Amino acid sequence: MPAKIIDGKVIAADLRARVADEVGRVKRDHGLTPGLAVVLVGNDPASEVYVRNKAKQTEAAGMASFEHKLPADTPQKDLLALIAKLNADPAVHGILVQLPLPKGLDTQTVINAIDPAKDVDGLHPINAGRLANGLPALTPCTPLGCIILAKTVHASLQGMNAVIIGRSNLVGRPLVQLLLNENATVTIAHSRTRDLADICKRADLVLAAVGQPEMVKGNWIKPGATVIDVGINRIPGADGKNKLVGDVAYQEVLGVAGAITPVPGGVGQMTVACLLVNTLRAASAIKGLKPPSV
Ligand code: GUN
């Protein structure tokens, strides 16, 4: 039997609708309009699409969206000055600087400049450290989305053998902590891991976040396992146009796995929905309200 396809589009739409309901409630009851500022430096075409999409979804959820587009040759001090202004702006509750940044800008210095209370990407060392210590924290959006998708298949992840492939700050590392919080048994594999196929084959839950097109093969997967594909890779298609593929050889794995996320239409859909969740959470915390129910 082919795997159940985990429909990120439907699950993300449901989450966005719940965020919009909560936004309506905090507006009505507390006069609070959560605001998200997105900063794009340069004109990377994929980043431009992501940023436009974030602004659209933010407004659709009833929140305020502030877009800041800066030229690729922006000096670091100008970007830091903009972040300082957004940190001080009471209408802004979330700040996201789209990555990757153009050459000449130091990503970590820029992330460190964001007020941790407004760090809706969850990348500031304060938030990463709080997450690692099991404390409440703003958490990176893509890993949050992965957990939500996995939990549509398994009500509890407790005791599951989870294998993450990839150790980035944006996905792999925070996933370890989120899965530990769910009481999963976690293995993190990376480019130097030996016997990766064997390690994957033992997993009940595989989360691929390496950025290698179709790397995870059908014979790496335990029959019935759940596979979450974080990869978004553009490769030449048979028709000469680029096509989007994940880090998982989808057609092969479909015949073995119990459940799988497609690319597109899986994890990618969840990232923006979780960004809206984080903006609502940040706004509520800054205003001294109790955490929202989403
Ligand atoms: N570029 C790709 N994904 C992300 C993300 O989640 N946050 C930021 N800031 N940049 C990204």
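Residues numbered from 1 in each chain as written. Predicted model: local features only at pLDDT ≥ 70, side-chain atom pairs only at ≥ 80, totals over all residues. Heavy atoms only, no water.

As annotated in an unreviewed UniProt entry, the chain carries the name Bifunctional protein FolD and is attributed to Afipia broomeae ATCC 49717. Check the Function (unreviewed entry) section of the UniProt entry for the chain; it says "Catalyzes the oxidation of 5,10-methylenetetrahydrofolate to 5,10-methenyltetrahydrofolate and then the hydrolysis of 5,10-methenyltetrahydrofolate to 10-formyltetrahydrofolate." According to UniProt, the comment filed for the chain under the heading Pathway (unreviewed entry) is "One-carbon metabolism; tetrahydrofolate interconversion." (UniProt positions renumbered as here; feature names shortened; annotations may be inferred.)

1. Comments concerning the site of the ligand
By nearness alone, every residue bordering the ligand is listed as Leu 96, Val 97, Gln 98, Leu 99, Asp 121 and Leu 170. Contacts to the ligand include Gln 98, whose side-chain N or O atom sits 3.2 Å from a nitrogen atom. Within the side chain of Asp 121, a nitrogen or oxygen atom sits 2.4 Å from a nitrogen atom of the ligand. When the ligand is considered free in solution it has 280 Å² of accessible area, and contact with the protein chains removes 83% of it. (Near = heavy atom within 4 Å. Polar contact = N/O pair within 3.5 Å; in protein donor to acceptor, adjacent residues only side chain to side chain. Areas by Shrake-Rupley, 256 points an atom, 1.4 Å probe, with all protein chains shown as cover.)

2. Brief notes about the sheet that holds strand 4 (residues 94-97)
Strand order in the open sheet formed by 3 strands is 3-2-4, and the pairing between neighbours is parallel. The open sheet is flanked by strand 3 (64-70) and strand 4, the only strands paired with a single partner. Averaged over all pairs of adjacent strands, the angle between their axes in this sheet comes to 15 degrees, without regard to strand direction. When strand 2 (residues 35-41) meets strand 3, the two strands line up parallel, connected through 7 bridges. (Pairing = 2+ DSSP bridges. Helix = DSSP H or I, 4+ residues; strand = E, 2+ residues; numbered from the N terminus. Axes fitted to C-alpha atoms, helices over the stretch in contact; angles between N-to-C directions.)

3. Brief notes about empty space enclosed by the protein
Across all of its chains, the model carries 1 cavity of 30 Å³ or more by this definition. The calculated volume of the largest cavity comes to roughly 50 Å³. Along its surface, the largest cavity is lined by Val 97, Leu 99, Ile 111, Ile 114, Asp 119, Asp 121 and Leu 123. Here the residues of the lining of the largest cavity sort into 5 nonpolar, no polar and 2 charged. (1 Å grid on protein atoms, 1.4 Å probe; cavity = no way out; pocket = protein on both sides within 12 Å on 5 of 7 lines; lining within 4 Å. Points joined across faces, edges and corners; volume = space filled by probe spheres on them. Nonpolar A, V, L, I, M, F, W, Y, C, P; charged D, E, K, R; others polar.)

4. So, helix 3 (residues 76-88)
Spanning 13 residues, helix 3 covers 19 Å between terminal C-alpha atoms, matching the ideal 18 Å at 1.5 Å per step. By the burial criterion, the buried members of helix 3 are Leu 79, Leu 82, Ile 83 and Leu 86. Projection of helix 3 onto a plane perpendicular to its axis shows the buried side chains occupying an angular sector of 100 degrees, all on one side. Looking at helix 3, the residues exposed on the side facing more than 90 degrees away from the buried face are Lys 77, Lys 85 and Ala 88. If you follow the buried residues of helix 3, they end up packed against strand 2, strand 3, strand 4 and helix 4 (107-113). (Expected span 1.5 Å × (residues − 1). Buried < 20%, exposed > 50% of the residue type's maximum accessible area, 1.4 Å probe, protein only. Arc of directions from axis to C-beta. Contact = heavy atoms within 4.5 Å.)

5. Describing the sheet that holds strand 6 (residues 185-189)
Spatially, 6 strands are ordered 1-11-8-7-5-6 in an open sheet, and the strand pairing comes out parallel. Only two strands of the sheet have a single partner each, and these edge strands are strand 1 (4-5) and strand 6. Two strands pair when backbone bridges link them, and strand 1 and strand 11 (residues 259-260) are joined in this way by 2 bridges, in the parallel orientation. Looking across to strand 11, one finds that Ile 5 is bridged to Ile 260. Strands strand 1, strand 7 (205-208), strand 8 (226-229) and strand 11 of the sheet are contacted by helix 6 (residues 141-153), whose axis makes an angle of about 155 degrees with strand 8.

6. A closer look at the UniProt feature "binding site: NADP(+)" (unreviewed entry) in the chain
Taking the UniProt record as the reference, the feature "binding site: NADP(+)" (unreviewed entry) is found at Gly 166, Arg 167, Ser 168 and Ile 232. Apart from the residues lying within four places of it in its own chain, the contact partners of Gly 166 are Gly 172, Ile 188, Ala 189, Ala 209 and Val 210. Here Ser 168 shows up in the loop between strand 5 (161-165) and helix 7 (172-181). Once you skip the residues sitting within four places of it in the chain, Ser 168 turns out to touch Arg 173 and Pro 174. Among the polar contacts listed, one links the side chain of Ser 168 to the backbone nitrogen of Val 171, at a separation of 3.0 Å.

7. Here we look at the pattern of salt bridges
Across all of its chains, the model carries 7 salt bridges by this definition. Note that Arg 25 is salt-bridged to Asp 29, the shortest N-O span being 3.8 Å. Of this pair, Arg 25 and Asp 29 both sit in helix 1 (residues 8-30), 4 residues apart, which is roughly one turn of that helix. For Asp 204, the salt bridge identified is with Lys 222, shortest N-O distance 2.7 Å. Of this pair, Asp 204 sits in the loop between helix 8 (196-201) and strand 7 while Lys 222 sits in the loop between strand 7 and strand 8, placing them 18 residues apart in sequence. The exposure class of Lys 222 is partly exposed, given its relative accessible area of 28%. Through salt bridges with shared partners, a single network forms among Glu 22, Arg 25, Arg 28 and Asp 29. (Salt bridge = Lys/Arg side-chain N within 4 Å of Asp/Glu carboxyl O.)

8. As for the layout of surface pockets
Volume-wise, the second largest pocket comes out at about 710 Å³. Forming the walls of the second largest pocket are 33 residues, and the residues nearest its centre are Pro 136, Ala 137, Leu 138, Thr 139 and Arg 281. Breaking the lining of the second largest pocket down by element, the ones donating at least two residues are helix 1, helix 5 (125-132), helix 6, helix 7 and helix 10 (267-286). By residue number, the principal contributor to the lining of the second largest pocket is helix 10, which donates 7 residues.

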